[in-house]
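As a plain string of letters, each chain reads:
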Amino acid sequence: MNRLPKHSNKEDLSDDPDKGSLLPNLSYRWALTPSQLVLVLFFCILFLVANYLPLHSDSLWSHLTYGHWILENSTLPQEGLALPLSQGVASSSPGWLAQILLALTEKTLGTTLLPVFFSLLVVGSFYLLTKSFFHQTGRSSTTLFLILLLFLAGKSAIGTLRPEWFGITCFAAQCYLLSLYYCQEKNLFLLTPSQEGRSTMALWVGLPLISLLWMNLDPTSIFWGWLLLVALGLEAFFTNHSSDLSANRSHRRTWIYLIELSFFITILNPDFIHLHFFLTQYARENFIPEPYLAQTTIELFSFEYLGFFIFVALLGLSLRLSKLPLTFGRLFLVVVALLTGLVDSQNLLWSSAIFSFALAPYFQSVVAPLLPKRETNSDIKALDDYLNSEEEPDEIPTFVRQTRRSFKNSLIAFLFLWLVFAFSTLGGMVLGSKPRPAYQLYGSPALLEIAQKIKEEDPKGLLFSTTLWGDWIVYANRQQTSLLSEKTHNQQDKKLELFIHGQRGRLPKQAQEDYLHILAAQPGWEALLDKYNVQHVLVDIQHQKALSQQINSHPAWERKGADPQNLQWELFSRRPLQPFQITATR
């Protein structure tokens, strides 16, 4: 069926200059296929959903606090902020560049537009991964299926907008850069200057730059970048991609040089050196993980893992059915990605991205016979020539008859983009809608109630809370207008000091041990609170049931506030000491 306009009336249009004067003269490169339209819809929905996710990640607030402090002091903090117990303790500031970017975004755009910034990171990462899959498959329909599988498997990471998305963006940029040199005929990444006439200069500049930024943005995830480079290097070393031995040697040397360059750019980074000495000399001996944070039960048959198992099963089946040879590097990637995904659910998005990148060609080779002919650049040029030709050919070319490209799809895509802008936070502010309420922006009204209740108290002494609540309170303590009511504005200059927050590695070992002792309400917890002059205790009822029961019945403490709906928290303060009264007796 010919979906293109018939050209039998071209002569009639050319005779009358008024007729057809508004006909578009656009290349069909701007016309979208149905699968491309669905991809646009996917990115629109992804941006809109991420745009309205609440900022409930606990680590976000400590990173914002440290970012503002770095901007104000033009140096990196040497001690924990709002942690008097960390004085004199060695410290490190990994991810300082991400902290600065977050603080600059909030300072410039406000807290309300922070979700928009994170949405751009999420959509940008998925877009770069989509392009890397497309370079390996050459089909938008296959790419659509892979990116939807990736979203299904890693959706849990999208639900929490955290600074780790900077690392995911760096990884996606690395995948995109490497995919530019993928050769579909040989199923290899060929790093030769003659590969489709493309110079390797982009790799020599791009990979070291990504490594440099990655180390300063999110050093905890740079392992994934090394893993990808090493795996593809192994693939180049164990696979003969050419009968020319000199070409093989050149190809392998190029990989080795690139890996070495990216590796040395990373380890010679001052942040890496500082972090290495901090981890080896201090954190290994002094850092104590928090039990209920570190010892989580991995439920392999939970809904969170369901998408990951579907993902692994489908791509594993395509690997079994594909006739392409399995290279050692891709096998190495698949094994490591599977193990890391099963060990920690926080790695599901990373593992799924590695799976997709490594097995995309195998999946394409399986589904290729089921798909129509691929539209190449020469096909689109022939289509444009056919539509712009003055003479009607005797026979319409096969590709022209079978093409699914349509400008209607392009117009629908533009409609989607406009709707996304109109309903996003940024578009709403431009069009004059009301900003999101605070309880929607921060995810829980309990956080606002805690911040306000603590500000109403006299902030003398330390506040004891879990690390999860501590990060948020540090941030709320420095906020000037958005979180607190006007009646407590006159108390903004009073800074509340914390016993501990998310940067718990900045505390000495003894303080961390005492923190866990109090957290579990073990015998002697009252004496430890007296030892550190703790005046306020914020109890996380879900994880501190024993402490909640004991402090409720303790005569020295009184409850000042509680979450009336979900019973997530309770705030206790010390009772004032009663003066001695001397009664006269005869």
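The preceding data block contains the structure.
This is a predicted model, so every value here is computed, not measured.

Reading the values: the criteria
- Residues numbered from 1 in each chain as written.
- Predicted model: local features only at pLDDT ≥ 70, side-chain atom pairs only at ≥ 80, totals over all residues.
- Heavy atoms only, no water.
- Helix = DSSP H or I, 4+ residues; strand = E, 2+ residues; numbered from the N terminus.
- Buried < 20%, exposed > 50% of the residue type's maximum accessible area, 1.4 Å probe, protein only.
- Contact = heavy atoms within 4.5 Å.
- Areas by Shrake-Rupley, 256 points an atom, 1.4 Å probe, with all protein chains shown as cover.
- Core = buried A, V, L, I, M, F, W, Y, C linked by side-chain atoms within 4.5 Å.
- Phe/Tyr/Trp six-rings, centres within 6.5 Å; stacked < 30°, edge-to-face > 60°.
- Lys NZ or Arg CZ within 6 Å of the ring centre and 35° of its normal.
- Expected span 1.5 Å × (residues − 1).
- Axes fitted to C-alpha atoms, helices over the stretch in contact; angles between N-to-C directions.
- Parallel < 35°, antiparallel > 145°, perpendicular 65-115°, else oblique.
- Patch = residues over 30% accessible without salt bridge, like charges linked within 9 Å, V, L, I, M, F, W, Y side chains within 5 Å.
- Salt bridge = Lys/Arg side-chain N within 4 Å of Asp/Glu carboxyl O.

> Quick one: what's the story with the overall build of the protein chain, residue by residue and with numbers?
In terms of regular secondary structure, the protein chain is built from 26 helices and seven strands. Of all 586 residues assigned to the protein chain, the portion counted as buried reaches 48%. Residue pairs in contact within the protein chain that sit at least 24 positions apart in sequence constitute 76% of those at least 6 positions apart. Element-wise, carbon and sulfur atoms account for 61% of the exposed surface of the protein chain, whose accessible area totals about 29600 Å².

> Hey, could you go over the nonpolar core for me, with residue numbers and the actual values?
Counting 91 residues, the largest nonpolar core has F126, L129, W165, F171, L178 and F355 as its most contacted members. Each residue touching F126, except ones within four places of it in the same chain, is listed here: F42, F43, L46, I147, L150, F151, I158, W165 and L349. Formed by 32 residues, the second largest nonpolar core is a distinct cluster that contains L462, L528, V534 and V539.

> Tell me about the packing of aromatic side chains, and please be specific about residues and values.
Tallying each qualifying case throughout the model produces 25 aromatic pairs. The interplanar angle of 65° and the centroid separation of 6.1 Å between the aromatic rings of F42 and F126 together place this pair among those described as edge-to-face. Of this pair, F42 sits in helix α2 (residues 34–51) while F126 sits in helix α5 (residues 114–137), and the two are 84 residues apart along the sequence. Of the two residues, F42 and F126, neither departs from the other in class, the shared state being buried. Taken together, a centroid distance of 5.6 Å and an interplanar angle of 70° make the contact between F171 and W350 edge-to-face. In this pair, F171 is assigned in helix α8 (residues 165–179) and W350 in helix α16 (residues 348–367), connecting sequence segments 179 residues apart. A residue is classified by how much of its surface remains accessible, and F171, at 1% relative accessible area, is buried. Owing to a relative accessible area of 8%, W350 belongs among the buried residues under this scheme. An aromatic cluster is built from F42, F43, F126, Y127 and F151, whose rings are joined through pairwise contacts. In this structure, R252 is placed above the aromatic ring of F237, and the distance from its NZ or CZ to the ring centre is 5.4 Å.

> An account of α2 is requested, with residue identities and associated values reported.
For α2, which comprises 18 residues, the first-to-last C-alpha distance of 26 Å matches the rise-based estimate of 26 Å (1.5 Å per residue) to within 8%. Taken residue by residue, α2 has S35, L37, L39, F42, F43, C44, L46, F47, A50 and N51 as its buried positions. On its buried face, α2 is in contact with α5, α6 (140–153), α7 (155–158), α19 (407–423) and α20 (425–431).

> With reference to specific residues and values, describe the packing of helix α10 (residues 222–238) against helix α15 (residues 328–343).
At their nearest, the axes of α10 and α15 sit 7 Å apart, and the two run at 150° to each other. Judged by the inter-axis angle, α10 sits roughly antiparallel to α15. Side by side, α10 and α15 meet where F223, W224, L227, L228, A231, L234, E235 and F238 of the first sit next to F328, G329, R330, F332, L333, V336 and T340 of the second.

> Go over a nonpolar patch on the surface, please, and point to the residues and values.
A grouping of L415, W418, L419, F421, F423, L426, V430 and L431 is seen on the molecular surface, where their side chains present a nonpolar patch of about 770 Å² in accessible area. Counting residues per element, the ones that place at least two in the nonpolar patch are α19 and α20. No other element matches the five residues that α19 contributes to the nonpolar patch. Here L426 lies in helix α20.

Geometry only, nothing functional implied.
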